[in-house]
Amino acid sequence: MSIKNVVVVGAGMMGNALAQVFASNPDLYVVLKTRSLKEDRWAPIENNLDIMIARGAATEQEKADIISRIHFETDDAAAYTDADFIIECFPEVMETKQQLFCHIEEFCSDKCILATNSSVMSSTEIGSKCKHPERVVGAHFWNPGHLIPLVEVIKSDVTEEWVIEETMALMTACGKKPVYCKKDVPGFVANRLQHALWREAFYMVENGIADAKTVDDACKYGPGLRWPVMGPMENSDVVSIELTKNIHDYILPHLADNHEPSKCLAEMLARGDNGFKTGKGWQEWTPEQILASNTGLREYLIDYIAKQKAEE
């Protein structure tokens, strides 16, 4: 891997998380590009690390090392001129991302990789106005970016192979699990899988097959327990291709195939129900339940990291 200088553009929740990830590698010089230098700029990263330390997923020395490798910068030339890899964590507005990359190209070298952390937008379109769109690549971290291992590396219609190889190597060197999406399609890999499941889940609730909690429990206590060690392709091989085909011959005609969002979503929004934001969506949520859900997910992910570290 030839990448040594990494720049993260945007110091929001995801930008701070990504800076932390890259700074975990002692061979990288990490710049967090911000509009201004706030006195509490270290707080989000320190808070992430303190929670990890409390659950055995990091040490005080690792925290000190990571903090020492992150350099906040407001000046464009100082941030971008020597960069090997620049990743943006800007709002999901196409024109904003396009303008940002065009601006960065005024300062960075022709061989600097420009990566977008967009969760939905086309890397081909984001890079379409660049002088060198062939060095633009998607690198989609999943939130929380410092805890979930997956990073989707998305090839645009013109991305050169060396860009993919360097990006995959960088993610691996920082302890992530990169997956290669060979075509720039909406949803990339994981979101397509996730929303195919959501479509069926919503269909079952909408049609009275099961209530929302039952659908969640069916996932959490059934196939969800298997997914960390066995994905759908491996599972199909385990049960046999013959059985897979026989099941699909029978069940596929009965699965949801709608191309519009569930009508339940529009009905809930019309009532003012917006999930955790209002305390009611598919289910009703107390403040205590909302806190427990958010905290439980992060603790689960941190404990996963702690277990991985213990096994190394």
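In case you missed it, the structure is sitting above this.
These numbers were taken from a predicted model, which means no experiment stands behind them.

What counts as what
Residues numbered from 1 in each chain as written. Predicted model: local features only at pLDDT ≥ 70, side-chain atom pairs only at ≥ 80, totals over all residues. Heavy atoms only, no water. Core = buried A, V, L, I, M, F, W, Y, C linked by side-chain atoms within 4.5 Å. Buried < 20%, exposed > 50% of the residue type's maximum accessible area, 1.4 Å probe, protein only. Contact = heavy atoms within 4.5 Å. Patch = residues over 30% accessible without salt bridge, like charges linked within 9 Å, V, L, I, M, F, W, Y side chains within 5 Å. Areas by Shrake-Rupley, 256 points an atom, 1.4 Å probe, with all protein chains shown as cover. Salt bridge = Lys/Arg side-chain N within 4 Å of Asp/Glu carboxyl O. Helix = DSSP H or I, 4+ residues; strand = E, 2+ residues; numbered from the N terminus. Pairing = 2+ DSSP bridges. Right-handed = clockwise from strand over helix to strand, strands pointing away.

### A short note on the nonpolar core
Side chains of nonpolar character tend, in soluble globular proteins, to be buried together.
Right, so step 1: F22, F85, I87, F141 and L170 are the most contacted members of the largest nonpolar core, which has 33 residues in total.
Right, so step 2: Among all residues touching F22, those that are not within four sequence positions of it are V6, V8, L28, V30, F85, I87, F141, L170, M171 and C174.
Right, so step 3: Ranked by size, the runner-up nonpolar core spans 18 residues in total, among them L100, L114, M121 and V136.

### Concerning a nonpolar patch on the surface
Right, so step 1: Taken together, the side chains of V238, V239, L243, I247, Y250, I251, L252 and L255 make up a nonpolar region of the molecular surface, amounting to roughly 710 Å² of accessible area.
Right, so step 2: If one sorts the elements of the nonpolar patch by residue count, helix α12 (residues 241-251) sits on top with four residues.
Right, so step 3: Counting through the fold element by element, L252 comes out in the loop between α12 and α13 (263-271).

### Observations concerning the environment of E260
Right, so step 1: Structurally, E260 can be placed in the loop between α12 and α13.
Right, so step 2: Each C-alpha atom of the pair E260 and R199 lies 9.6 Å from the other, and the pair is 61 residues apart in sequence.

### Considering unusual backbone geometry
Working note: non-glycine residues mostly have negative phi, and peptide bonds are mostly trans.
Right, so step 1: A cis amide bond, omega 0 degrees, links N143 with the succeeding residue P144.
Right, so step 2: Within the secondary structure, P144 sits in the loop between β6 (136-141) and β7 (150-154).
Right, so step 3: Unlike most non-glycine residues, F188 shows phi in positive territory, near 55 degrees.
Right, so step 4: For F188, the location among the structural elements is in the loop between β8 (177-181) and α8 (190-206).
Right, so step 5: A relative accessible area of 4% means that F188 is categorised as buried.

### Topic: the pattern of salt bridges
Right, so step 1: Under the defined criterion, the tally for this structure stands at twelve salt bridges.
Right, so step 2: Across the pair D76 and K33 runs a salt bridge whose closest N-O atoms are separated by 3.2 Å. Of this pair, D76 sits in helix α4 (residues 76-80) while K33 sits in strand β2 (residues 29-33), and the two are 43 residues apart along the sequence.
Right, so step 3: Given the relative accessible area of 9%, K33 is considered buried.
Right, so step 4: Note that D217 is salt-bridged to K213, the shortest N-O span being 2.7 Å. With D217 and K213 both in helix α9 (residues 212-220) and four residues apart, this pair spans about one turn of that helix.
Right, so step 5: Accessibility expressed as a relative area gives 22% for D217, which makes it partly exposed.

### Focus on the pairing of strand β5 (residues 113-116)
Right, so step 1: The alternating pattern of β5 places I113 and A115 on one face and L114 and T116 on the opposite face, and all of these are buried.
Right, so step 2: Two strands pair when backbone bridges link them, and strand β4 (residues 85-88) and β5 are joined in this way by four bridges, in the parallel orientation. Looking at β5, one finds that F85 is bridged to I113.
Right, so step 3: Each parallel crossover has a hand, and for β4 linked through helix α5 (residues 94-104) to β5 it is right-handed.
Right, so step 4: Sheet topology note: the β5/β6 ladder contains three bridges and is parallel. Bridge pairing in β6 places L114 opposite V136.

### Focus on the pairing of β4
Right, so step 1: Here β4 shows two buried faces, one formed by F85 and I87 and the other by I86 and E88.
Right, so step 2: Across four bridges, the pairing between strand β1 (residues 5-9) and β4 is parallel. If you follow V9 over to β4, its bridge partner there is E88.

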